[in-house]
Structures are given as C-alpha cells and as structure tokens.
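Coordinate analysis (summary)
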2 protein chains.
Amino acid sequence: MTQTSRFEQFSFWRTSATYRVRVGFNLKGVQPEEHYVNLDAGEQRSEAFLRINPLGAVPALIDREAGQSTIPLTQSVAILEFLEETYSTPAMLPQDEHGRARVRSLATMLAADTHPLITPRVKKYLTTAGNFDEVAWRAWQTHWFGTGLQALEQRLANETGTGTFCHGDTPTMADICLASIIVVMRTFKIEVADIPTVQRIMATCEQLDAFAKADPGRQFGAPKS
Amino acid sequence: MTQTSRFEQFSFWRTSATYRVRVGFNLKGVQPEEHYVNLDAGEQRSEAFLRINPLGAVPALIDREAGQSTIPLTQSVAILEFLEETYSTPAMLPQDEHGRARVRSLATMLAADTHPLITPRVKKYLTTAGNFDEVAWRAWQTHWFGTGLQALEQRLANETGTGTFCHGDTPTMADICLASIIVVMRTFKIEVADIPTVQRIMATCEQLDAFAKADPGRQFGAPKS
C-alpha cells in the first residue's frame, strides 16, 4: 500500500469495540492505517496516546480529511454510523425506518445493555472495592452474557425481520455487535446455553471475510494459540 | 385531544431511558399517547405488557403507521434516531458528518458507558449475589456517575464543538442523554464534583419546555414531593 490511507485507527487486539470498527471497515472495503495500543502494558495512558485521545480509550479514529476537526472519532457505534454515512454501500443499515430502528435496537441490546458490564474497568472495580474473587467475577460475566444473549435470542427467534442475518439477508450493525460479544466470550471461555439462532447467525457471519479477518486472534499483539 | 395519536408510548416516571424518549418527542412537538407501566409493582412482567414487549422493558413505542411491523420500537437511542429520521426539524443531530459523529459519541458515553451500570437489574445482582450492602451500592453508583460525567466534562470543556449545548447552540441527542443521567442522579441524591460545563449545559437544557416537562417528578406515578 503506497497510497496514504484516509484513516488512522488506534486499537487493541482483544477489545470488543475495536473489533466492531474493524468489521465495519472491512465490510465497506476501506483500509485504515492501524496503530496498536497495548492496553495490557498501559500504553493508553502514555503521553503520546493521550495527545491523540485525552480519554485514553480505544477505538480512536483519526480522519485525515476532517478539515478543522482535530478530535478523534470515538465510540464504536458512533464510528459505525459515521462509516455508514460516509460510505453508503454496502449498507450496514436497512433502507426503511422501521428496519433501521430494529437493527439499532438489537445492536444497542449488545453494545449498551451487555458489553459495558463486562469491561476491564468493571472487573477492576469488582475485584478490588467489590471484593469479588475470580469465581464471583466469572459468575458475573456469565450472568450478563447470558442475560443479553438470551434476550437477543428471544427476539431473533420470534421476530419476522430476522433472516440469514439478524435483519434480513445481509449483515448489519446488529450482526457486528452480536459478533463482537461472541468473540469476547470465546476469549474468556464462557458459554451461554439455548441460543441457537444467535449461534447460527454467528456462523454465517464468520463465513464472511469481513468478520473472519477481524477476529481478535488474527490481530497484531494477540497471543499465539 | 380528539385526534388519535400516531404513537403509543409505554413508560415509567423514574426511568432514564423513557425520559430520553419523552424529551425527544417534546423537541419534535409530537405527542404520543402515554401508558404508565408501574415497574415498582412489577407490571412490566404482566401478561398484558408482555404481549406488547416480550422482553418486559420500557420504553416501548407502538407506531400505528408501521404497517406490517407488529413489534414495538425499543431502546431509547434507537427511538431517538427513528424520531430524527421521521421528523427532520428541529434537528437533534448536526448536519455535518463529523458533528454527527461527535454528538453520537458524547451520547454513547452516557447511554452506554454510564447508564447501564446503575440500572435496577444491576442493583439487584450486586445486592444479592454480589453481597453489596446499601453503602457499597451507593459507592458503586457514585463511582460510575462520577467516572462518566467527569470524562464528559473533560471533553465538553476542551473541545471546540461545545457551545451553549453539548454541540453548538441547539439541543442534540447528547444533551438528552446528559440530562437523562443528571435527573436520575438527583433521584438518588448523588452529587458529582468538578463538572461545571456539564452543570451549565444542564441548566440551559432545563430552561427549555421540552426538558422541563419531561422531568421525572412531573410524570404520572411520581411521588408528591
């Protein structure tokens, strides 16, 4: 790649939110210049990275065509919406308003109702101030992954909007958020019972290069398995 | 009001997410028919409500013009995006892509990074399986309200996009999410220090009828103060 990429993406191999952005870029066929921020080594708190994102969080995305704007794009779902507005095809949201609302609702059940509860900062609080031992932390993870995915299963199995993917027969933001939860569950070796529709859709997603190439295990910095 | 409203909205006076939808409707000048679901009395698990939303959660919004679609609109941010697409003025998102991305990012810091951590279901888990007493639960709430709002303050105080409101000089989804956190904090009598920009913007929001009329204390079912 000799041409300079429009985007600089700051990410970490294991982070669910950076996985979402990676799949979004892959689906759109756009290749950002990727920078690795080693969260395990605390690089998100380095002076160099805090100049890029003062909040010290990934994903952070620099758009070299942003003009005046000097702040990075942050928050994975906001970045996916930005990519959708910037590159209209292939669409990650349906064309009709009710379909779009359904996809955004499904995506939010995962990105907002489920994922924030099992992040590293929550683990840190619970295992220090909260007196959780490893068993209690694992029970907490299992509870919230289960709650989120079983609620999703109930919708996917019963709503007519469900197709090969969460909504219809092409991948949307809902599938990206679903897959982002499953890949993290695998990292933690946690299993959730009775989610056949979720599992079927995940298998379908992983047949697509856009998802397969985004897998945490295939990123720079991931441990060799 | 003799005309039938297009929307039926199922909500509860204290719920942060239903507050967001209420402000959204007020800003757009659209009046839904509101139904009160008493979460304290467990009405969200009643047979009647589960026929409307099988997940038993509010907000749930029925669109009488939805045609084929029989499922309710759910998840507050997805509903706000739907209202924005259905009623374009006054806009709750800026016109430019980077502005839209910034507003969605700020909104997500509150609706996804902060709010899910202090919901009733999390309280239930922590005060039973988690062995939190009232003091530990209050410390948890204070920690996450503080973390979320101080991160927001850092952005609002330093980014040039901030105006009278979170982004520019008209209210956006970011302000709705900000206010939805502050009103819940007040219900719990929790205070966060060193957030002058957040407080200034909240005061500005509350000067608008759209926010003032949505206040939890002014809704059906709220205790008389």
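Described below are features of the structure shown in this document. Predicted model only: the values in this text are computed from it and were never measured. (Residues numbered from 1 in each chain as written. Chains lettered and ligands numbered in written order. Predicted model: local features only at pLDDT ≥ 70, side-chain atom pairs only at ≥ 80, totals over all residues. Heavy atoms only, no water.)

**Focus on the sheet that holds strand 3 (residues 60-63) of chain A**
Residue and element names in this part refer to chain A. For the record, the criterion: Only strands joined by at least two bridges in the DSSP assignment are considered to pair. Strands here are runs of E lasting at least two residues and helices are runs of H or I lasting at least four, both read from the DSSP assignment and numbered beginning at the N terminus. Whether two residues are in contact is decided by their heavy atoms: any pair within 4.5 Å suffices. In this analysis an axis means a line fitted to C-alpha atoms, helices contributing only their contacting stretch, and an angle means the value between N-to-C directions, from 0 to 180 degrees.
Spatial ordering of the open sheet is given by 2-1-3-4, a layout of 4 strands whose pairing is mixed. Looking at which strands have only one partner, the edges of the open sheet turn out to be strand 2 (33-36) and strand 4 (73-74). Across 2 bridges, the pairing between strand 3 and strand 4 is antiparallel. Residue pairing in the sheet places L61 in a bridge with L73 of strand 4. Packing against the sheet, helix 1 (residues 16-28) makes contact with strand 1 (7-11), strand 2 and strand 3, and its axis sits at approximately 150 degrees to strand 1.

**Some points on the interface of chain B and chain A**
For the record, the criterion: Buried area: the accessible area, evaluated with a 1.4 Å probe, that two parts lose upon being put together, summed over both parts. Whenever Lys or Arg places a side-chain nitrogen within 4 Å of a carboxyl oxygen from Asp or Glu, that contact is recorded as a salt bridge. Whenever a nitrogen or oxygen atom comes within 3.5 Å of another N or O atom, the pair is scored as a polar contact, on the condition that within protein one atom can donate a hydrogen and the other can accept it, and that pairs from neighbouring residues in sequence are kept only if both atoms are in side chains. When residue character is reported, Ala, Val, Leu, Ile, Met, Phe, Trp, Tyr, Cys and Pro are called nonpolar, Asp, Glu, Lys and Arg charged, and the others, Gly included, polar.
Contacts between chain B and chain A engage 43 residues on the former and 43 residues on the latter. Taken together, both faces of the contact between chain B and chain A bury some 3,900 Å²; the carbon and sulfur share is 63%. The three residues of chain B that bury the most area against chain A are Q75, H98 and Y125 of chain B, which together make up 17% of that side's buried surface. Our count for the chain B to chain A interface comes out at 6 salt bridges. The interface formed by chain B and chain A holds 19 residue pairs in polar contact (both at pLDDT 80 or more) in total. Listed by contribution, the elements that provide at least two residues to the side of chain B that touches chain A are strand 4 (73-74), helix 3 (76-86), helix 4 (97-111), helix 5 (120-127) and helix 6 (134-158) of chain B. Considering each element in turn, the side of chain B that touches chain A owes the most residues, 10 residues, to helix 4 of chain B. Classifying every residue of the side of chain B that touches chain A by side-chain character gives 22 nonpolar, 10 polar and 11 charged.

**A look at the relation of the copies chain B and chain A**
We apply this condition: When the copies are superposed, the least-squares fit draws on C-alpha atoms of residues that have pLDDT of at least 70 in both.
Overlaying chain B on chain A yields an RMSD of 0.0 Å, the required transformation being a rotation through 180 degrees with an accompanying axial translation of 0.0 Å. In the structure described here, the two chain copies are related by an operation that fits a two-fold rotation axis. Measuring from the rotation axis to each C-alpha of chain B, the shortest distance belongs to A112 of chain B, at 2.2 Å. Most of the interface of chain B is mirrored in chain A: 100% of its interface residues are interface residues there too.

**Topic: the pattern of salt bridges**
In the structure shown here, the tally under the stated rule is 34 salt bridges over all chains. Here E159 of chain A ties to R102 of chain A by a salt bridge, and the two come within 2.7 Å at their closest N and O atoms. Here E159 of chain A is found in the loop between helix 6 (134-158) and helix 7 (173-187), whereas its partner R102 of chain A is found in helix 4 (residues 97-111), with 57 residues between them in sequence. Taken together, the shared-partner salt bridges in this structure form one network comprising E81, E85, R100 and R104 of chain A together with E81, E85, R100 and R104 of chain B.

Geometry only, nothing functional implied.
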